[in-house]
Amino acid sequence: MTDLATDQARPGLEADLDASVVARIPDIVDMDAHVVEPPDVWSSRLPAKYREAGPRILHAPAGEVKLVGSSYIEAPGTEGPEVAWWSYEGKLTSLKRYIAAAGVPADEVTMDGITYADMRPGCWKVPDRLADMDLNGVHAQLAFPNYPRFCGQMFLWGQDKELSKLCVEAYNDWMVDEWCGTSGGRLLPLCLVPLWDVELAAAEVRRNAARGVRAVAFSELPAYLNLPSLHSRYWDPFFAACEETGTVVAMHIGSGTKTPQTSPDAPEAVQATILFGNSAASLVDFLFAGVPHRFPNLKLLYAEAQIGWIPYVLDRADDVWLTHRGWAHGQQNCPEPPSTYYRRQVYSCFFKDPVGVDLLDRVGVDNVVFETDYPHQDGTWPDSKKAAARQFGHLPQADINKIARDNAASLLGLTLPTP
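Residues numbered from 1 in each chain as written. Predicted model: local features only at pLDDT ≥ 70, side-chain atom pairs only at ≥ 80, totals over all residues. Heavy atoms only, no water.

**Let's talk about helix H10 (residues 310-323)**
An α-helical segment advances 3.6 residues per turn. Residues three or four places apart therefore align on the same side.
Then comes step 1: In this model H10 runs 20 Å from its N-terminal to its C-terminal C-alpha over 14 residues, within 8% of the 20 Å that 1.5 Å per residue would give.
Then comes step 2: Within the span of H10, buried status applies to Ile310, Pro311, Val313, Leu314, Ala317, Val320 and Trp321.
Then comes step 3: Residues of H10 that are buried sit in contact with helix H8 (276-289), helix H11 (338-345), strand E12 (346-350) and helix H13 (360-363). (Helix = DSSP H or I, 4+ residues; strand = E, 2+ residues; numbered from the N terminus. Expected span 1.5 Å × (residues − 1). Buried < 20%, exposed > 50% of the residue type's maximum accessible area, 1.4 Å probe, protein only. Contact = heavy atoms within 4.5 Å.)

This is the structure we're talking about:
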């Protein structure tokens, strides 16, 4: 087993990097990390009659795992070492190495099943997460879910919707009271909503906002989840609640579950490369659906989407809005050029996008925030400040501060210590 106590430096980050450039990066407000939920999140909170059906951890041998789109097809094996499995309404989902990859060499990161003992404690324990943040130069951090999926799709797919609702509420209570509530304000709450009922979703936004929550996870493409589209205006009560409470709508890449694929036999590397296409589609959907127009104080956040694609998408959307106004219905719900709403209301996270930084004057320095993606394999831990320095350490200090922390602080209403 990998020695998880040994921090693995990422190759190439040390070479030719002047320490004075790294020193220009203030402690980061990380707008996209992930948490591996502790085993008792639901079993300790659900009513007794639901604890057997609700999410709980079992141990069984690993089985073969297939990734179809963004969904796993798997079942326990019959022999070999036991791994941890989430059980929910009889469906089993294993904990996998690649969702808890911090400190593990790249060639050892697979979709094989693991136990909690096989991962860094910082993946799921608050004191250890804070220690790993200190090691990485991160002051505060927003964490997306793991087991429930990036916007709580797992509970959308649940058969018993009363249990689903209780699971959403239990996750949010744990997120607010334990994960964030014991962190001294350094872990920032991101909550879920019942995706199957817009009025319940709006009510959950208000319940959480009343206790200080400023971000909610949502699907970048709800129609991909067989939910009403943004164009239907079905979601307007939810967006109204978010605008009213100052709650940011945070959409992680892949939160539509369905991912871009070129062919059934293409390797996973293809969809991993073009996954940003979902974020591009989502942004255009929001703009032409008129959501930012109807809710001018609503803020949207794209997580792990990177930023290099944004200038072309905005230019194209503005051109379609103008050139094809006679037939494309682009101005029907979007009376101003689409880029107008983007500048005012949309933010995107990046952590590996030097191309996007080169286009920063067109992306907008006020529209970007930084992330680490801890503890996923794609993340930059424990060298996130070096990754930041390599990409935008040459910028004016005011712009460095905006990207690394100030934009995020403004978005979430945080008061930060002086860098």
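Read on for the rest.
**Thoughts on the sheet that holds strand E5 (residues 82-88)**
Then comes step 1: A sheet is described by the order of its strands in space; here 3 strands give the open sequence E2-E5-E6, paired in antiparallel fashion. Where the open sheet ends on each side, the last strands, each with one partner, are strand E2 (56-61) and strand E6 (91-94). Strand-to-strand, the axes of this sheet are offset by a mean angle of 40 degrees, without reference to chain direction.
Then comes step 2: With 4 bridges joining them, E5 and E6 adopt antiparallel strand pairing. Paired with Trp86 across the two strands is Thr93, which belongs to E6. (Pairing = 2+ DSSP bridges. Axes fitted to C-alpha atoms, helices over the stretch in contact; angles between N-to-C directions.)

**Points about the pairing of E5**
Then comes step 1: Counting buried residues in E5 gives 6 out of 7 residues, a clear majority hidden from the surface.
Then comes step 2: Examined bridge by bridge, E2 and E5 share 6 bridges and lie antiparallel to one another. Pairing of Arg56 across the sheet is with Ser87, part of E5.
Then comes step 3: Where E5 folds back on E6, the antiparallel hairpin that results is connected by 2 residues, among which Glu89 adopts a positive phi of roughly 50 degrees.

**Re the pattern of salt bridges**
Pairing between side chains of opposite charge can happen when their charged atoms approach one another.
Then comes step 1: Counted according to the given criterion, the structure contains 18 salt bridges.
Then comes step 2: We note a salt bridge from Asp132 to Arg120, for which the minimum N-O separation is 2.8 Å. Of the two residues, Asp132 is situated in helix H2 (residues 126-136) and Arg120 in the loop between E6 and H2; the sequence distance between them amounts to 12 residues. For the pair shown, Asp132 and Arg120 are each scored as buried.
Then comes step 3: With a shortest N-O distance of 2.3 Å, Arg362 and Asp315 are connected by a salt bridge. With Arg362 in helix H13 and Asp315 in helix H10, this pair connects stretches of sequence that are 47 residues apart.
Then comes step 4: Via salt bridges that share partners, Asp173, Glu204, Arg207 and Arg211 belong to a single interconnected network. (Salt bridge = Lys/Arg side-chain N within 4 Å of Asp/Glu carboxyl O.)

**So, the packing of aromatic side chains**
Then comes step 1: Taken as a whole and assessed by the stated rule, the structure comprises 21 aromatic pairs.
Then comes step 2: Here the aromatic rings of Tyr234 and Trp235 are separated by 5.0 Å at their centres, their planes lie at 90 degrees, and the arrangement is edge-to-face.
Then comes step 3: Through a chain of ring-to-ring contacts, three or more aromatic side chains come together here, namely Trp42, Trp86, Tyr88, Tyr147, Phe155, Tyr171, Trp174 and Trp179.
Then comes step 4: Lying across the ring of Trp196, Lys161 places its NZ or CZ 5.6 Å from the centre. (Phe/Tyr/Trp six-rings, centres within 6.5 Å; stacked < 30°, edge-to-face > 60°. Lys NZ or Arg CZ within 6 Å of the ring centre and 35° of its normal.)

**Things to note about H8**
Then comes step 1: Look at H8: 20 Å from first C-alpha to last across 14 residues, which is about the 20 Å you get at 1.5 Å a residue.
Then comes step 2: Asn278, Ser279, Ala280, Ser282, Leu283, Phe286, Leu287, Phe288 and Ala289 are the residues of H8 that are buried.

**Side note on the nonpolar core**
Generally speaking, nonpolar side chains in soluble globular proteins are found buried as a group.
Then comes step 1: Judged by nonpolar contacts, the single largest core of 127 residues is most densely connected at Met31, Trp42, Phe218, Phe238, Phe239, Leu301 and Phe392.
Then comes step 2: Looking at which element gives the most residues to this core, the answer is helix H4 (residues 161-180), with 11 residues.
Then comes step 3: Apart from residues no more than four positions distant in its own chain, Leu301 is found in contact with Met31, Leu142, Val248, Val249, Ala250, Met251, Tyr347, Ser348, Cys349, Val369 and Leu411. (Core = buried A, V, L, I, M, F, W, Y, C linked by side-chain atoms within 4.5 Å.)

**A look at the side chain of Ser339**
Then comes step 1: Relative to the helices and strands, Ser339 is located in helix H11.
Then comes step 2: In this structure, Ser339 is in contact with Leu314 and Asp318, ignoring residues within four places of it in sequence.

**A word on the environment of Val22**
Then comes step 1: Of note, Val22 is situated in helix H1 (residues 19-22).
Then comes step 2: For the pair Val22 and Asp373, spaced 351 residues apart in sequence, the C-alpha separation works out to 19 Å.
Then comes step 3: Every residue in contact with Val22, bar those within four places of it in the chain, is listed here: Leu17, Lys385, Lys386 and Ala389.

**Things to note about the sheet that holds E12**
Then comes step 1: Reading across from one edge, E9-E10-E11-E12-E13 is the order of the 5 strands in this open sheet, with parallel pairing throughout. Each end of this open sheet is capped by a strand with a single partner; those strands are strand E9 (215-217) and strand E13 (368-370). Going across the sheet, the axis of each strand differs from the next one's by a mean of 25 degrees, ignoring polarity.
Then comes step 2: One ladder, built from 3 bridges, connects E12 with E13; its direction is parallel. Looking at E13, one finds that Phe350 is bridged to Phe370.
Then comes step 3: Of the strands in this sheet, E12 and E13 touch helix H14 (residues 384-392), which is tilted by about 145 degrees from E13.
Then comes step 4: Sheet contacts for helix H15 (residues 397-412): E9, strand E10 (248-252), strand E11 (300-303), E12 and E13; angle to E13, the most-contacted strand, approximately 110 degrees.

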